[in-house]
Amino acid sequence: MALQCGIVGLPNVGKSTLFNCLSNAKAQAANFPFCTIEPNLGVITVPDERLNKLADFVKPQRILPTTVEIVDIAGLVKGASKGEGLGNKFLANIRETDAILHVLRCFDDENVTHVDGNVNPVRDKEIIDTELQLKDLETIEARIKRIEKQAKTGGDANAKLAFEVYSRIKDALLQGHSARTVEYNSKDEEKAAKELYLLTDKPVMYVCNVDEDSAVNGNKYVDALREAVKNEKAEILVVAAKIESEVAEFETYEEREMFLSEIGLEESGVSRLIKSAYRLLNLQTYFTAGVQEVRAWTFEKGWKAPQCAGVIHTDFEKGFIRAEVIKYEDFIAYGSENAVKEAGKMSVEGKEYVVQDGDVMHFRFNV
């Protein structure tokens, strides 16, 4: 399953610098607004140490990690919801993504201009929130107008439920809250809300772009943002984009690790960001391991074996018979698939098996 995250933020907050670190695509990083007019797309691999360890035992012909698509969307400004600063185009690009990576400037630098004159990540966050909320308000009002009469006078239970959900979301938006803050009482209500594809219903991660001295513990700007979003369903990640750009220049893994260790970081911000994006979207990984390839596959937490088989090919799901499952820890402990089988550690699972993160799977199917 293809995962796409959109990087958004005001102009000159470090979006394109971060994007350059995330992918081999080189967006122009310039000290002026709108240097990114078309969305830049980068495909990056998801770091997973388990994949390499499996490959060490299996010795496959190739190793295939799972990937994430990152879209660098041009800087939003006040009035974007009304088309200001090419806003309509940018908002359309956001709508197509699965999650939003909202980059906020949390560093002082007199050589880098700020579109609003001074550094204030809470204000910057609210500017973009407001634009996305205004756009969602347009959407929700149009949908309410379409079903209101049917919900109030007809006997359509679905229309009545949808009207109630839409009204609740509208109230939240009018109060300056994003759609993702609304609580639902049933799966049907959640489904009605999801069908709107609202911008502010998307999972969001606030990426605090800090200076080198704040890369480990953050700073006053990060603290202020944490307080401002404490009631949101969101993640916060502290990254020094300038450091990340330096890390990306090192050719070997050892050089990168040494550099990060010297400044007190256990792993790069890029790696942490991708892993956080997975958690944000409730995603996990299972593996297939054979002499031809060792491969990572992305699935949604809670999926059953047939759904996960369908990630490889729809025929696998349609004709699913059973799944042969080895726990990652057992594979590493015993060193091979045959050794695991001999130890009685491989299980055979049916259609109701809920796949776990790290499972090494082999699917049997018949079409």
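Everything numeric here is computed off the predicted structure, so don't read it as measured data.

1. With respect to the environment of K145
Structurally, K145 can be placed in helix α4 (residues 121–153). Residue classification places K145 among the exposed residues on the basis of a relative accessible area of 72%. Separated by 18 residues in the primary sequence, K145 and F163 have C-alpha atoms spaced 9.4 Å apart.

2. Details of helix α2 (residues 49–58)
Within the sequence span of α2, burial applies to R50, L51, L54, A55 and V58. Viewed along the axis of α2, the buried residues span an arc of 135 degrees, placing them on a single side of the element. Check the buried side of α2 and you find it contacts β3 (62–64), β8 (283–289), β9 (293–300), α13 (328–334) and β12 (360–365). Immediately downstream of α2, the backbone of K59 shows phi near 55 degrees, a positive value.

3. Topic: empty space enclosed by the protein
Tallied over the entire structure, the rule returns two cavities of 30 Å³ or more. Estimates place the volume of the largest cavity at around 60 Å³. In terms of lining, the largest cavity is formed by V8, I100, H102, I128, D129, L132, S178, R180, T200, V204 and Y206. When residues of the lining of the largest cavity are traced back to their parent elements, those giving at least two are β5 (99–105), α4 and β6 (204–209). Within the lining of the largest cavity, the residues separate by chemical class into six nonpolar, three polar and two charged. Put simply, the second largest cavity is a space of about 30 Å³. Contributing to the lining of the second largest cavity are A215, V238, V239, A240, I243, E244, L265, G269 and R272. For the lining of the second largest cavity, the elements supplying multiple residues, two or more each, are β7 (234–239), α8 (241–247) and α10 (269–280). Its residues assigned to classes, the lining of the second largest cavity comprises six nonpolar, one polar and two charged.

4. Thoughts on the pairing of β6
In terms of residue burial, β6 counts as a mostly covered element, since six of its six residues are buried. Here β6 shows two buried faces, one formed by V204, Y206 and C208 and the other by M205, V207 and N209. Where β5 meets β6, six bridges bridge the pair, whose relative direction is parallel. Along β6, the bridge assignment pairs L104 with C208. With six bridges connecting them, β6 and β7 associate as parallel partners. Bridged to N209 within β7 is V239. Between β6 and its parallel partner β7, the chain crosses via helix α7 (residues 220–228), and the hand of that crossover is right-handed.

Rules used in this analysis
Residues numbered from 1 in each chain as written. Predicted model: local features only at pLDDT ≥ 70, side-chain atom pairs only at ≥ 80, totals over all residues. Heavy atoms only, no water. Helix = DSSP H or I, 4+ residues; strand = E, 2+ residues; numbered from the N terminus. Buried < 20%, exposed > 50% of the residue type's maximum accessible area, 1.4 Å probe, protein only. Arc of directions from axis to C-beta. Contact = heavy atoms within 4.5 Å. 1 Å grid on protein atoms, 1.4 Å probe; cavity = no way out; pocket = protein on both sides within 12 Å on 5 of 7 lines; lining within 4 Å. Points joined across faces, edges and corners; volume = space filled by probe spheres on them. Nonpolar A, V, L, I, M, F, W, Y, C, P; charged D, E, K, R; others polar. Pairing = 2+ DSSP bridges. Right-handed = clockwise from strand over helix to strand, strands pointing away.

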